[in-house]
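Chain residues, written in single-letter form:
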Amino acid sequence: MAAPKVAVVGAGVIGLSTALCIAETFPSCSVTVLSDQFSPNTTSDVAAGMLIPHTYPGTPIHVQKQWFKETFTHLFAISNSAVASEAGIHLVSGWQVFKSTPKEELPFWSDVVLGFRPMSEAELQKFPKHRFGQAFTTLKCDCPPYLLWLEKRLKAIGVQMHTRKVADLWELHGEYNVVVNCTGIGAHQLVGDEKLFPIRGQVLKVHAPWVKNFIRDGDGLTYIYPGIHRVTLGGTREKERWSLSPDPGTTKDIFDRCCSLEPSLREAQEIQVKVGLRPSRQCVRLQREVLSQGEVKLLVVHNYGHGAGGFSVHRGTAKEAARLVGECIAALKNSSLRAKL
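Residues numbered from 1 in each chain as written. Predicted model: local features only at pLDDT ≥ 70, side-chain atom pairs only at ≥ 80, totals over all residues. Heavy atoms only, no water.

Asks: How do you make sense of the packing of aromatic side chains when you look at a structure like this?
Replies: In this description, an aromatic ring pair is defined by two values, namely the gap between the centres and the angle between the planes. Tallying each qualifying case throughout the model produces 11 aromatic pairs. Judged by centre distance (6.0 Å) and plane angle (50°), the ring pair of phenylalanine 98 and phenylalanine 132 falls under tilted. One end of the pair, phenylalanine 98, is in strand β3 (residues 89-98); the other, phenylalanine 132, is in strand β5 (residues 132-141), with 34 residues separating them in the sequence. Phenylalanine 132 carries the same exposure label as phenylalanine 98, and that label is buried. The ring of phenylalanine 197 carries the charged tip of lysine 239 above its face, separated from the ring centre by 4.8 Å. (Phe/Tyr/Trp six-rings, centres within 6.5 Å; stacked < 30°, edge-to-face > 60°. Helix = DSSP H or I, 4+ residues; strand = E, 2+ residues; numbered from the N terminus. Buried < 20%, exposed > 50% of the residue type's maximum accessible area, 1.4 Å probe, protein only. Lys NZ or Arg CZ within 6 Å of the ring centre and 35° of its normal.)

Here's what the structure looks like:
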């Protein structure tokens, strides 16, 4: 058969990294990315990009750990290379603090990040309202540069990118042999996934170059994540809220909460407000599906629903999606071989 044609729908971190994994794993494939939005207008552009996993209740922990480990290993190699600055990836050390000791003092990912340990009494003095904490070093992606770097890598290996609004996966039948759905919150409408819902996140991007360490409240709501040029202050988790308009009251609340953890932020300049809708469900949808209309079939791979944890597992889930695309290609070859016989 001719070189299989694969369409990846969606150009956030999941779509771009999935397209890259497919193109690297199956160099004979023709891969095209289709999306109505590219960076800087994707949900991923709003994300803080910290590698601290979010837990998916419907996904086995060993699977989540594997996704995180693959992602961490991949990004650690980039952070240790000459392209680290262009890709927007760097190591950052800091603290996760709790008002009371958590049930799980050693999270499942503690041996993947670097130097994970309980905080000392002296360190905890910085956080008088908190009684327990964890110190570790992890990775941070500055999202817009990372997305642009992924696009550059895709173009360099011949992947096509087109601005196109896909309203129905069936419209790609005839043009492509396999369709990969990485549309995030867009899958709610595109494939009618009722299990998918938005969790609205509002964050502030501020200029505070003296802040070098991340600080995250254990409840995951208040966080300070220093990037290369800006510090991300968060946040909110507003389930089922679809509004992309910044809320001034929320902005003040986030700023006040972050200043209570790091009082020096009162001097922060150039406050920008960003809003994104995290595509959330009980578990990431990472599976093959054969859509049928009578005798006509369309091979689909889904990779969406990463919620707040997309950056932490993006490379791991992209590798799994590429493996599923490989199964689709093998099925196509078998059916074309049977047709010839």
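Having seen the model, we can carry on.
Asks: Would you explain unusual backbone geometry in this entry?
Replies: Negative phi is the rule for most residues except glycine; trans is the rule for most peptide bonds. Each neighbour pair has its own omega, and for serine 39 with proline 40 the value is 15°, a cis peptide bond. Checked against the element boundaries, proline 40 lands in the loop between β2 (30-35) and α2 (61-79). Cis rather than trans, the peptide bond between glycine 234 and glycine 235 has omega equal to 0°. Following the sequence through the fold, glycine 235 ends up in the loop between β11 (231-234) and β12 (238-239). Residue glutamate 240 is not a glycine yet carries a positive backbone phi of 65°.

Asks: Hey, could you run me through the environment of lysine 239 in this one?
Replies: Relative to the elements of secondary structure, lysine 239 occurs in strand β12. Lysine 239 gets classed as exposed once you look at its relative accessible area, which sits at 55%. Along the backbone, lysine 239 and threonine 18 are 221 residues apart, and their C-alpha atoms lie at a distance of 27 Å. Non-local contacts of lysine 239, meaning those with residues more than four positions away in its chain, are made with Phe197, Pro198 and Ile199. (Contact = heavy atoms within 4.5 Å.)

Asks: Looking at this structure, I do not really get the environment of cysteine 29. What am I missing?
Replies: As for its position among the elements, cysteine 29 is in the loop between α1 (13-25) and β2. Cysteine 29 gets classed as buried once you look at its relative accessible area, which sits at 12%. With 49 residues separating them along the chain, cysteine 29 and isoleucine 78 place their C-alpha atoms 25 Å apart. Once residues within four sequence positions are removed from consideration, cysteine 29 is found in contact with Pro4, Val6 and Ile329.

Asks: Just checking my understanding: could you explain the pattern of salt bridges for this structure?
Replies: Oppositely charged side chains may form a pair once their charged atoms are brought near each other. This model, assessed by the stated rule, comprises 22 salt bridges. When the shortest N-O distance is used, the salt bridge between arginine 117 and glutamate 123 registers 2.9 Å. Overall, the relative accessible area of 37% leaves arginine 117 in the partly exposed class. Where salt bridges share partners, they join Arg288, Glu320, Arg323 and Glu327 into one cluster. (Salt bridge = Lys/Arg side-chain N within 4 Å of Asp/Glu carboxyl O.)

Asks: So what exactly am I meant to see when it comes to the pairing of strand β13 (residues 269-293) here?
Replies: Here is the key point about a regular strand: its side chains alternate between the two faces of the sheet. Inspection of the sheet shows strand β8 (residues 197-207) paired to β13 by 10 bridges, in the antiparallel sense. Directly across from glycine 201, in β13, lies its bridge partner glycine 276. Direction of pairing for β13 relative to strand β14 (residues 296-306): antiparallel, over a ladder of 10 bridges. When the bridges of β14 are listed, leucine 286 appears paired with asparagine 303. Hairpin geometry of β13 and β14 is characterised by an intervening segment of two residues between the two adjacent antiparallel strands and by a positive phi of about 65° at glycine 294. (Pairing = 2+ DSSP bridges.)

Asks: Would you take a moment to explain helix α5 (residues 143-156) for this structure?
Replies: Since the α-helix turns once every 3.6 residues, residues separated by three or four places project in the same direction. A rise of 1.5 Å per residue sets the reference length of α5, with its 14 residues, at 20 Å; its end C-alpha atoms lie 20 Å apart and thus fit the reference within 8%. Taken as a whole, α5 has its buried residues at Cys143, Tyr146, Leu147, Trp149, Leu150, Glu151 and Leu154. In the stretch just after α5, glycine 158 is the one whose phi turns positive, near 90°. (Expected span 1.5 Å × (residues − 1).)

Asks: Whenever I open this one, the nonpolar core confuses me. Can you help?
Replies: Formed by 66 residues in total, the largest nonpolar core has its most connected members in Val33 and Tyr146. Counting residues per element, this core draws most heavily on helix α8 (residues 310-340), at 10 residues. With residues near it in sequence (within four places) discarded, valine 33 still touches Val8, Gly10, Ala11, Leu16, Ala19, Phe38, Val159, Gln160, Met161 and His162. In terms of nonpolar packing, the next biggest core, distinct from the first, is built from 21 residues, Leu124, Val211, Ile215 and Leu261 among them. (Core = buried A, V, L, I, M, F, W, Y, C linked by side-chain atoms within 4.5 Å.)

Asks: How should I be thinking about the packing of α1 against α5 in this particular structure?
Replies: A packed helix pair is summarised by two numbers, namely the angle formed by the two axes and the spacing between the axes. Two numbers describe how α1 lies on α5: the axes approach to 10 Å, and their chain directions differ by 30°. Taken together, the axis directions place α1 and α5 in an arrangement best described as roughly parallel. Every pair of crossing elements has a handedness; the one defined by α1 and α5 is left-handed. Here Val13, Leu16, Ser17, Ala19, Leu20 and Glu24 of α1 lie close against α5, whose contacting residues are Tyr146, Leu147, Leu150, Glu151, Arg153 and Leu154. Tallied by class, the residues present in the contact of α1 with α5 amount to eight nonpolar, one polar and three charged. (Axes fitted to C-alpha atoms, helices over the stretch in contact; angles between N-to-C directions. Parallel < 35°, antiparallel > 145°, perpendicular 65-115°, else oblique. Left-handed = near helix turned anticlockwise from the far one by under 90°. Nonpolar A, V, L, I, M, F, W, Y, C, P; charged D, E, K, R; others polar.)

Scope: geometric values only; no functional claims are made or implied.
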